[in-house]
Amino acid sequence: MFKRNLVAAAIAFAFSGPAPAQNSELGKIREEINQMREAYEKRIQNLEKRLSEAEGKAGKAETAATKAESTATKAEQVSARAESAASSAANRTGENAFNPAVSLILQGTFAKTSQNPNQYQITGYVPSGGEVGPPKRSFGLAESELVIAANIDHYFRGVAILAIAPEGGIEAEEAYFQTLSLPRGFGLKGGRFFSGIGYQNERHQHTWDFQDAPLVYKAFLGNQLKQDGLQLRWVAPTDLLVELGAEISAGDRFPGSGRNKNGVGGSALFANLGGDIGASTAWRAGVSYLSVSPNARAYSDTDSVGGAVTNTFTGNAKLAGINGVLKWAPNGNASYRNLKLQGEYFQLKQDGALIYDDTAGTNGFGGPVSGNFNTKQSGWYAQAVWQFYPQWRVGYRYDALRFGTVNNGIVNNGLGPVAADFPALANHRPTRNTLMFDWNPSDFSRIRLQFASDKSRLGVTDNQVFVQYIYSLGAHGAHKF
Amino acid sequence: MKNWLKVILLGVGGFMVQPALAALNVMACEPEWGALSKELGGDKVSVYVATTALQDPHHIEARPSLIARARSADLMICTGADLEVGWVPLLQTQAGNAKIQRGQPGYFEAAPQVLMLEIPERLDRAMGDVHPQGNPHVHMDPRNIAKIAVALSERMIRLDPAETEYYRSRAKSFSERWQQALTRWEKDAAPLRGVAVVGYHKNMSYLNAWLGIREVGSLEPKPGLPPTTSHMGELLVRLAKDPARAVIRSPYNDPRAAEWLAGNAKIPVVTLPFTVGGSDKAKDLFGLFDDTLARLLAVGK
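Residues numbered from 1 in each chain as written. Chains lettered and ligands numbered in written order. Predicted model: local features only at pLDDT ≥ 70, side-chain atom pairs only at ≥ 80, totals over all residues. Heavy atoms only, no water.

**Overview of the nonpolar core**
All names here are of chain B. By size, the foremost hydrophobic cluster in this structure holds 58 residues, and its most contacted members are Trp33, Leu36, Phe174, Trp178, Trp185, Leu211 and Leu285. The set of elements that each furnish at least two residues to this core consists of strand E1 (24-28), helix H2 (31-41), strand E3 (75-78), helix H5 (142-159), helix H6 (164-188), helix H7 (205-211), strand E7 (246-249) and helix H10 (285-300). In terms of residue count, H5 provides more of this core than any other element does, eight residues in total. Here this core gathers at least three residues from each of two domains, domain 1 (22-184) and domain 2 (189-300). Setting aside its immediate chain neighbours within four residues, Leu285 contacts Glu32, Ala35, Leu36, Ile145, Phe174, Trp178, Trp185 and Val276. (Core = buried A, V, L, I, M, F, W, Y, C linked by side-chain atoms within 4.5 Å. Buried < 20%, exposed > 50% of the residue type's maximum accessible area, 1.4 Å probe, protein only. Helix = DSSP H or I, 4+ residues; strand = E, 2+ residues; numbered from the N terminus. Domains from an automatic or database assignment. Contact = heavy atoms within 4.5 Å.)

As structure tokens, then:
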């Protein structure tokens, strides 16, 4: 009788095919299967009982046992078949079965800063033009990120990360394709993507261990370098991770600039090594190099009497960096306690010509003034994040920039403007101390408290307190090491 | 000059070509699949296991060493059912290895080979870290291992057809030994039927279903969330009415929570190996279940 029901159910399913299976129908079938299971279980138990009763009469018992066993296997086979039919019907739900993985990141801050965030500046360094300042005071919504990803076909995977700005507007944070089937460890990525240089650069802001980027990233990369271009990566067939990468791009983001020229505007190279030390420790170390040719890269400043000035740089910018990260967890089980140490150093060299244009302001020199401009500046940060209890972490970061050398031909050659007419490039050594605590109730939420004493601006200390939330809705993200 | 070039080319060439000691490079996401691969593949496979019994397979990072190993794998064997959702997809996109992509014969998932338990009727993250396809810890029922072994052996044959006979005979031998062991285990475990226990994570459900063990509750208030004091308080109240024989944990679960509850309920903590390498005796799959039963019977009889 049960078998007949089952056959009917199976036929019903076969004909219903890929059409959306109704939950109630599935439920019914599941229930039926459960009933069948129970019934068989009862029969088996009965047989087992008989078996034990018959233990004295060896011959009879043996036949009963075989019977019981064969009934049991049969029951299992039947129910397995039925359930697999039911579950495969449930998994295939027509057109939307091919929907990509979608997740949405919600973020916001409550900020209290002792200095005006609108006047933020990293004195001594050519402004990067990115949104590098602290978040606005009081309550503020941060960028919401919509992440959509799926395999396109057997050759390509596609990923789009769209940032929805709180003031409106959508920006493609990343939107790239990635190959799945190149041979010999190669992988090609194209479109817009975060460059592979450095360690933190490739990581999305919502996965950072602090609310904001290290100073060196703010000063030299405008927070984070996006490339519009191509990236080729190669992983060596070795037990130690040896990963080499090369990128070519339009080179239109700081330290590059828009060029309106044919061909490749920027290139980058990176190499990473990584491995384990025992079961508890994993590490990665990398070097990277970026070369771009900014063309008329402009920033606004004020001269010594407060008139507006536009400074424009044309030449080459080369950024070299080294980075390392080490993660430790007892026996490699990071669920309860773990430690993450991370540090990076970058050196930025710029070589070219600067045009000082105050014609819209004071107009002290009867027109723009130009001269050689070359700089060699560096910066680093080191941070430690300690998860001392499940869900709870504490972290500390130290940031420092080294002013290095700035040879401004306009000032050195006495062409008119003096050092005081370049206040943004005043000799300064920015530092920052940052302390953070966060609570991570699940893989999908994080609430953070962060204190910082930020000496980015000449002669001023900005004491900052941020409360930040980061929520992730939808598909479970996979975060890079 | 030409010789110099030759040396470099040879060097680079040598670096690019994998030392082909074994026919199949297997990367197993969890120790149980590593052990099964060794049973089925013998000396025709070289097996690298990505995690240990002391690590929670839900929370592994796609660390550099794993990317390096995934690069050279011919066959990657994982549980599936989203157990490795936080790290395996990254290995697949970062290792530059076409063979181990989803849908390729070089990527094998164990969970789809068996009947899944605890398939959620409703999906909501408020229910904790639930898996849409069902509870992924399928290896705790040895009958599932038998089914997975059949599928895995076929997969090895597909990837390395020259050794078909070898894999067939190993699969046959394993299956025979496994059936014998299964009969023995089921006979030995008869006293465990109906025994009540408290679990930690819902990772023993298949074991419980197999042996008829009743799980009165879990230390985790919701799957994947660490135990809270309020939930443990509720558990104690429940245990007063419906006593359990032991608190069951796996080696990667926090011992403190289990010990606290066990101490207050005056029942022992039983640490089951959970996977190969989880105890001294769980050296292979046979040892895993021998030791699991021995530890349960020590309190369940």
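What follows continues from the structure just given.
**Description of the environment of Asn272 of chain A**
Residues and elements named next belong to chain A. As for its position among the elements, Asn272 is in strand E9 (residues 266-277). Judged by relative accessible area, which is 3%, Asn272 ranks as buried. Separated by 76 residues in sequence, Asn272 and Gly196 have C-alpha atoms that sit 9.8 Å apart. Once residues within four sequence positions are removed from consideration, Asn272 is found in contact with Leu241, Val242, Glu243, Arg284, Ala285 and Gly286. At 3.3 Å, the side chain of Asn272 and the side chain of Arg284 are in polar contact. (Polar contact = N/O pair within 3.5 Å; in protein donor to acceptor, adjacent residues only side chain to side chain.)

**Side note on the sheet that holds strand E5 (residues 196-199) of chain B**
Residue and element names in this part refer to chain B. Within the open sheet, the four strands sit side by side as E6-E5-E7-E8. Their pairing is parallel. With one partner strand each, in any of the chains shown, strand E6 (214-218) and strand E8 (269-271) form the two edges of the open sheet. If you compare each strand with its neighbour and ignore which way they point, the axes differ by 35 degrees on average. Inspection of the sheet shows E5 paired to E7 by two bridges, in the parallel sense. Directly across from Val197, in E7, lies its bridge partner Ala246. Each of E5 and E6 is contacted by helix H8 (residues 229-241), which is oriented at about 145 degrees to E6, the strand it contacts most. (Pairing = 2+ DSSP bridges. Axes fitted to C-alpha atoms, helices over the stretch in contact; angles between N-to-C directions.)

**Side note on the state of the cysteines**
Residue and element names in this part refer to chain B. Tallying each qualifying case throughout the model produces one disulfide over all chains. Across the disulfide, Cys29 is cross-linked to Cys78 (sulfur-sulfur distance 2.0 Å). Note that Cys29 is positioned in the loop between E1 and H2 and Cys78 in strand E3, a separation of 49 residues in sequence. Residues Cys29 and Cys78 agree in their burial class; the two are buried. (Disulfide = S-S within 2.5 Å.)

**Looking at the pattern of salt bridges**
This model, assessed by the stated rule, comprises 33 salt bridges over all chains. Measuring nitrogen to oxygen at the nearest pair gives 3.1 Å for the salt bridge that ties Asp212 of chain A to Arg432 of chain A. Note that Asp212 of chain A is positioned in the loop between strand E6 (186-194) and helix H4 (215-221) and Arg432 of chain A in strand E16 (residues 431-442), a separation of 220 residues in sequence. Across the pair, Arg432 of chain A and Asp212 of chain A agree in class, each one buried. Lys172 of chain B serves as the salt-bridge partner of Glu176 of chain B, at 3.4 Å between the closest nitrogen and oxygen. With Glu176 of chain B and Lys172 of chain B both in helix H6 and four residues apart, the pair spans about one turn of that helix. Judged by relative accessible area, which is 42%, Glu176 of chain B ranks as partly exposed. (Salt bridge = Lys/Arg side-chain N within 4 Å of Asp/Glu carboxyl O.)

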